[in-house]
Every structure is written in structure tokens, then in C-alpha cells.
Amino acid sequence: MTEPHMDWDAVYRQETPPPWSIGRPQPELAALIDEGKIRGDVLDAGCGHAALSLALAARGYTVVGLDSSATAIEAAALAAAEQGLTTATFAQADVTNFRGYDGRFATILDSGLFHALPPERRQDYLRSISRAAAPGAALHVLAFAAGALGNADHGGPRGFTEAELRDAVSPLWRVDELRPAKVYGNAPVSSDGPLARLERDAEGHFMAPGFLLTAHKPG
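Here the structure is a predicted model, which means the values were calculated and not measured.

**Brief notes about the UniProt feature "domain: Methyltransferase" (unreviewed entry) in the protein chain**
The positions that UniProt labels "domain: Methyltransferase" (unreviewed entry) are, in the present scheme, residues 42–136. The span residues 42–136 is 34% helical and 26% strand by assignment, and the distance between its end C-alpha atoms comes to 13 Å.

Laid out in C-alpha cells, this is it:
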């Protein structure tokens, strides 16, 4: 869940993990892996600490994780080396404008990145990942629903309505499915504020309303 225009290195240098680093893949995306819906080489866009990339590599997938934070990329590469996962590689990149992977990926996973991008850079991002995608490649986007974490005054991403998410993606990708989903995160339990009303899992992660969009690249 990273924004290229922010100093995300500072976020990843903190002792406590950022809210989106839950130590494992987002459950909605883990389910896609379990259901056999991931195929070919995989791009993990905005990989952060790369729990998703590492889980995929442990299953034998070849995966590339890209993130704007050099600190996150360094931590991800170290974790892959420690676990002996040779099919996971990582690179620092502006996800809204990267090259070098033209037509490579059969699956692109977005685990909470798209809703964090500045609105004016979202189409640049979709063009960049489309350029990196093979014809017919699948795109899976997990994003917050509008108002999931309160309004913009709370400093979090605003999120999307169902129509906004579909309309944002559809100019470059063919949307196959868009359904309600949960986005998990770390944050202390509080008695007030937008997080107070969210349900929690057994590990204390909040579970915010979101959407899981599945699309494919035409051609």
C-alpha cells in the first residue's frame, strides 16, 4: 500500500510494521493462490515487505516484487535469501512509470496499492502494468471501499465506490469480476475514530470493507 510521492522509506524504517504489513498475504489474495488462480510469472506491484511474493515463491512461482521504497525492497530481498526462495526477485521502481518487463507477466497482483496512488497517477500505473503484462494476463486488485477508514481528514486513503473502481480500471483492462472483500491491517484498538467500528480477526488485525477486482488484458 505505497504511494510513490511519499517518503515510504521513513515508514519502513520504523520499528513497528506499517499498517498494511500483516506478516502474511492478504487473506483475499491468499485464497486466490489456494484456488489455483495464479498462473505464469507474477508481478507483485507495490510489494512492500513482500509477504505475498514470498508466499508465491514458496509455492514455486516466479515472482517479481516492485516498490518505491528501497528499504522495503532490501528487507524483502533479505527475507527471500534467508528462506532460500530463489524465484522471488525485487527491485525499486516507480510503479507508475517503470519499464524492462514488457509482456512478461501472466498475473499481476495489487495488494492495496491502487487506492493509495494519487488519482492523477492511476492511469499511468495501469498503463505501466499493462505494458508489463502478457496478452490475456490476469489482474487482481484489492482496494479499500470508500469511507472504509473514515473520510480523507483522517489521513488514510479515501478508497473507491464499486463504480469508481470499475471505471478507473476499465479503460485499459477488461473487468471480469468485482465483489466485496476485506482488507486486513494493523492498528491499535481504540474507543473512537474510524477504526473503532471495524471488526477484528483472532490476531487483532482490523478488517476493513473493500473490493476485489479481477480483470484481464485484452488480446
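Moving on from the coordinates now.
**Focus on the pairing of strand β2 (residues 63–67)**
The buried fraction of β2 is high, at 5 of 5 residues. Here β2 shows two buried faces, one formed by V63, G65 and D67 and the other by V64 and L66. Direction of pairing for strand β1 (residues 42–45) relative to β2: parallel, over a ladder of 4 bridges. The partner of D44 across the bridge, within β2, is G65. Assessed by its sense of winding, the connection that carries the chain from β1 through helix α3 (residues 51–58) to β2 is right-handed. Alignment of β2 against strand β3 (residues 88–92), held across 5 bridges, turns out to be parallel. Across the sheet, residue L66 finds its bridge partner in β3, namely A91. This β-α-β element, β2 to helix α4 (residues 70–82) to β3, shows right-handed connectivity.

**Quick word on the environment of A72**
Within the fold, A72 resides in helix α4. Since its relative accessible area comes to 0%, A72 is described here as buried. Separated by 23 residues in the primary sequence, A72 and H49 have C-alpha atoms spaced 5.4 Å apart. The residues touching A72, leaving out its near neighbours within four places in the chain, are D9, Y12, G48 and D67.

**Here's the deal with the nonpolar core**
Ranked by size, the top nonpolar core spans 32 residues in total, and within it F114, Y125, I129 and W173 carry the most contacts. Secondary-structure elements contributing two or more residues to this core are β1, β2, β4 (105–111), α5 (122–132), β5 (133–144), α6 (162–169) and β8 (206–216). It is β5 that contributes the most residues to this core, 5 residues altogether. Beyond its immediate chain neighbours, meaning those up to four positions away, F114 contacts R122, Y125, L126, V141, F160, L165, A168 and V169. In this structure, C47, A57, Y61 and F206 belong to the second largest nonpolar core, which totals 31 residues.

**Digging into the layout of surface pockets**
In this structure, the second largest pocket occupies an estimated 270 Å³ of space. Looking at the second largest pocket, it is lined by 19 residues, and the ones nearest its centre are W20, S21, C47, A50 and A51. Counted by class, the lining of the second largest pocket contains 10 nonpolar, 7 polar and 2 charged residues.

Calculation rules
- Every residue gets a number counted from 1 within its own chain, in the order that chain's sequence is written.
- pLDDT decides what is reported in this predicted model: residues at 70 or higher carry local features, side-chain atom pairs at 80 or more are listed and counted, and totals for whole chains, interfaces and linings draw on all residues regardless.
- Values shown for side chains rest on all heavy atoms present in the structure; no hydrogens or waters enter the calculation.
- UniProt positions are given in the numbering used here, feature names are shortened, and annotations may be inferred rather than shown by experiment.
- Helix and strand definitions here come from DSSP, where helices need a minimum of 4 consecutive H or I residues and strands a minimum of 2 consecutive E residues; each element is numbered from the N-terminal end.
- Only protein chains enter the accessibility calculation, which uses a 1.4 Å probe; a residue whose area is less than 20% of its type maximum is buried, one above 50% is exposed, and one in between is partly exposed.
- Here, strands pair whenever DSSP counts at least two bridges between them.
- With the strands aimed away from the viewer, a crossover counts as right-handed if its path from the first strand over the helix to the second runs clockwise.
- Residue contacts are defined here by distance: any two heavy atoms, one from each residue, within 4.5 Å place the two residues in contact.
- Here, the term nonpolar core denotes a set of buried Ala, Val, Leu, Ile, Met, Phe, Trp, Tyr and Cys residues that are joined through side-chain atoms within 4.5 Å.
- Two kinds of site are reported from a 1 Å grid over the protein atoms alone, namely cavities, where a 1.4 Å probe fits but cannot get out, and pockets, open sets with protein on both sides within 12 Å along at least five of seven lines, and residues are called lining when an atom falls within 4 Å of a point.
- Grid points are joined across faces, edges and corners, and a volume is the space filled by probe spheres set on the points.
- Residues are grouped as follows: Ala, Val, Leu, Ile, Met, Phe, Trp, Tyr, Cys and Pro are nonpolar; Asp, Glu, Lys and Arg are charged; every other residue, Gly included, is polar.

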